[in-house]
Amino acid sequence: MRAVRFERFGPPEVLGVGSVPEPHAGPGEVRIAVRTAGVSPVDLALRAGDSPSRDGLALPHVPGVDAAGVIDEVGPGVTGFTVGDAVFGAVDVARLGGASARFAVLAFWAAKPDAWSWEEAGAAATGVETATRALDLLGLTGEQDTTLLIDGASGGVGSIAVQLAAARGARVLATGRPASHAFLTSLGATPVAYGPGLAERVHALGIPRIDRALDVAGKGSLDELVALTGSPDSVVTLADFTGPGRGVRLSLGRYGGQPDGCHGLAFAAEQAVRGRFRVPVQAVFPADRAAEAHAAVATGPRRGKTVLDLTTLASGA
Ligand SMILES: NC(=O)c1ccc[n+]([C@@H]2O[C@H](COP(=O)([O-])OP(=O)(O)OC[C@H]3O[C@@H](n4cnc5c(N)ncnc54)[C@H](OP(=O)(O)O)[C@@H]3O)[C@@H](O)[C@H]2O)c1
């Protein structure tokens, strides 16, 4: 089958469209004819050869963990879904990719809501799963009057975490570069600039207290987040591996192995139907311009996800 793939590690230009073997759905999996696939930071790191998982990667490698499309194979043990269903989801984390192809095998998925375009659906899964897991770990249940600070809020995970936290009743402060503040406001957050001096800027907003903080960016803000909340127990990081050494919990996903592999996807889709949740898509590139998509994600600014349109792979164009 045709796929976006790279045969050697390197800059975005190593990406191209070529042939790879077709995957098939195993137990508990579905295969989809892919319409769209999100581009994530992990895809960039794997392509560049910067990821610790580099040694486990067989080349050529097909990047991409998130995808949306129409089911064309149902693996043993799967119930409630059938060939022809429109779904969005993610590949098994152990595969490290495979989404940006004519066909992809999903390890967890949910029905695509009609309210979402294919581009939004292809961008959603990892952001929703990651944000849901982090908000659960922070104990954000929606029952209390909570103020949450999200550092690194304008990207793929952060823009989803802002909305899901607001849906749980939290007041959300969200960091971003000043040019992204209107975007953060449109998601329902109070924006504040990221970088050193964050605590002073938050105090200057006159906000009496920060109850919880989520570090999405992993850019060295943990000391300030702990100072703002008053305790490392009130902070979770998704990307700063020094966190546990400071008593801050690091949330890492192994979504394929979780008992509830579809964690949060159905909830997000339900919120979308009610008009309360959207998947911000910054840009869409066709498969043969995947290198441009990776370059755009690397440079920022991020305002949601960058997505590949893979429908041209079916026509052979
Ligand atoms: N633990 C997990 O399970 C898990 C799952 C998924 C992703 N991740 C990791 O989480 C991180 C974020 O993922 P993502 O998909 O949201 O990435 P992304 O789309 O690239 O977004 C990164 C965000 O960080 C912001 N940022 C850049 N420099 C910053 C700074 N100094 N301080 C605060 N924010 C800053 C960016 O803003 P500008 O673009 O405006 O600069 C952008 O909004 C990545 O490291 C990713 O690998 C972890």
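Per-chain numbering applies: the sequence of each chain, read as written, is numbered from 1 onward. This being a predicted model, a pLDDT of at least 70 is required before a residue's local features are given, and a value of 80 or more before pairs of side-chain atoms are given or counted; all residues contribute to the totals for chains, interfaces and linings. Water and hydrogen atoms were dropped before computing side-chain values, which therefore reflect all heavy atoms in the structure.

### Quick notes on the overall build of the protein chain
- Here a strand is any run of E in DSSP of at least two residues, a helix any run of H or I of at least four, and the numbering for each starts at the N terminus. From N to C terminus, the protein chain includes nine helices and 15 strands.
- Relative to the 2.2 N^0.38 estimate, which gives 20 Å for 317 residues, the radius of gyration of the protein chain is 19 Å and therefore close to what a compact globule would have.
- For the protein chain, the C-alpha atoms occupy an extent of roughly 55 × 40 × 35 Å along the three principal directions.
- Each residue is assigned to one of three classes by its accessible area relative to the maximum for its type, calculated with a 1.4 Å probe on protein chains only: buried under 20%, partly exposed between the two thresholds, exposed over 50%. Counting the 317 residues in the protein chain, one finds 53% classified as buried. Values of the radius of gyration come from C-alpha atoms, whereas the globule rule sets the reference at 2.2 Å times the count of residues to the power 0.38.

### Comments concerning helix α3 (residues 158-167)
- Among the 10 residues in α3, eight count as buried, and that is most of the element.
- Looking only at α3, the buried set comprises G158, S159, I160, A161, V162, Q163, L164 and A165.
- Turning to α3, the residues buried within the fold contact α2 (118-137), β8 (147-151), β9 (171-176), α4 (181-186), β11 (212-215) and α7 (265-273).
- Directly beyond the C-terminal end of α3, a positive phi value near 90° is found at G169. Any pair of residues with heavy atoms lying within 4.5 Å of one another is described as a contacting pair.

### Some points on the domain arrangement of the protein chain
- Looking at the assigned domains, one finds that the protein chain contains domain 1 (2-124 + 279-315) and domain 2 (128-250).
- For the domain bounds, the source is a domain assignment made automatically or taken from a database. Taken over C-alpha atoms, the centre of domain 1 sits 28 Å from the centre of domain 2.
- Taken together, the contacts link 11 residues of domain 1 with 13 residues of domain 2.
- At the boundary of domain 1 with domain 2, total buried surface from both sides reaches about 850 Å², with 60% on carbon and sulfur atoms.
- Once two parts are joined, some of their accessible surface, as seen by a 1.4 Å probe, is lost; buried area is that loss totalled over both. Looking only at domain 1, the three residues that lose the most surface to domain 2 are P280, R302 and R303, adding up to 49% of its buried area.
- Definition used for salt bridges: Asp or Glu carboxyl oxygen within 4 Å of a side-chain nitrogen of Lys or Arg. For the pair domain 1 and domain 2, the number of links is zero salt bridges.
- Polar contacts here mean pairs of N or O atoms no more than 3.5 Å apart (in protein, one a potential hydrogen donor and the other a potential acceptor; neighbouring residues in sequence count only if both atoms are side-chain atoms). On inspection of domain 1 and its partner domain 2, the count reaches five residue pairs in polar contact (both at pLDDT 80 or more).
- Each residue is assigned to one of three groups, with Ala, Val, Leu, Ile, Met, Phe, Trp, Tyr, Cys and Pro labelled nonpolar, Asp, Glu, Lys and Arg labelled charged, and all others, Gly among them, labelled polar. Here the side of domain 1 that touches domain 2 is composed, by residue class, of five nonpolar, three polar and three charged.

### Concerning the site of the ligand
- Distances are taken per atom, and a residue is near a molecule or strand as soon as one of its heavy atoms is within 4 Å of it. Residues in close proximity to the ligand total 22 residues, the closest being S154, R177, Y194, S251 and R302.
- Here an oxygen atom of the ligand and a side-chain polar atom of Y194 are 2.6 Å apart.
- Take R302: an N or O atom from its main chain is 2.8 Å from an oxygen atom of the ligand.
- Each accessible area is a Shrake-Rupley estimate made with a 1.4 Å probe; only the visible protein chains count as cover when residues are assessed. For the ligand, whose free accessible area comes to 940 Å², the fraction covered by protein is 82%.

### A word on the side chain of R47
- Examined against the element boundaries, R47 turns out to sit in helix α1 (residues 41-48).
- Charged residues are defined narrowly, with Lys and Arg counted positive, Asp and Glu counted negative, and His plus the chain ends left uncounted. Of the side chains with opposite charge, D50 comes closest to the buried, unpaired R47, at an N-O distance of 6.8 Å.
- In this structure the side chain of R47 is engaged in a polar contact, spanning 2.9 Å, whose partner is the side chain of H294.
- Ignoring sequence-local partners within four residues, the contact set of R47 consists of F6, F9, G10, P11, P12, V14, L15 and H294.

### Some details on the side chain of E29
- Locating E29 in the fold gives a position in the loop between β2 (16-19) and β3 (30-39).
- For E29, the side chain forms a polar contact with the side chain of R95, separated by 3.0 Å.
- Residues contacting E29, with those up to four places away along its chain left out, are H24, V74, G75, V78, R95, V105, L106 and W109.

### Let's talk about the pairing of strand β10 (residues 190-193)
- Two elements, β9 and β10, share four bridges in a ladder whose sense is parallel. Looking at the pairing, A174 lines up with P191 of β10.
- Handedness of a crossover: with both strands directed away from the viewer, a clockwise path from the first strand across the helix to the second marks it as right-handed. Note that the unit made of β9, α4 and β10 has a crossover that is right-handed. At least two bridges found by DSSP between two strands are what make those strands a pair.

### Looking at the sheet that holds strand β12 (residues 235-237)
- Ordered in space as β10-β9-β8-β11-β12-β13, the six strands form an open sheet in which the pairing is parallel. Looking along the sheet, the strands with just one partner apiece sit at the ends: β10 and β13 (249-250).
- The pairing of β12 with β13 spans two bridges and is parallel. Looking across to β13, one finds that T237 is bridged to L250.

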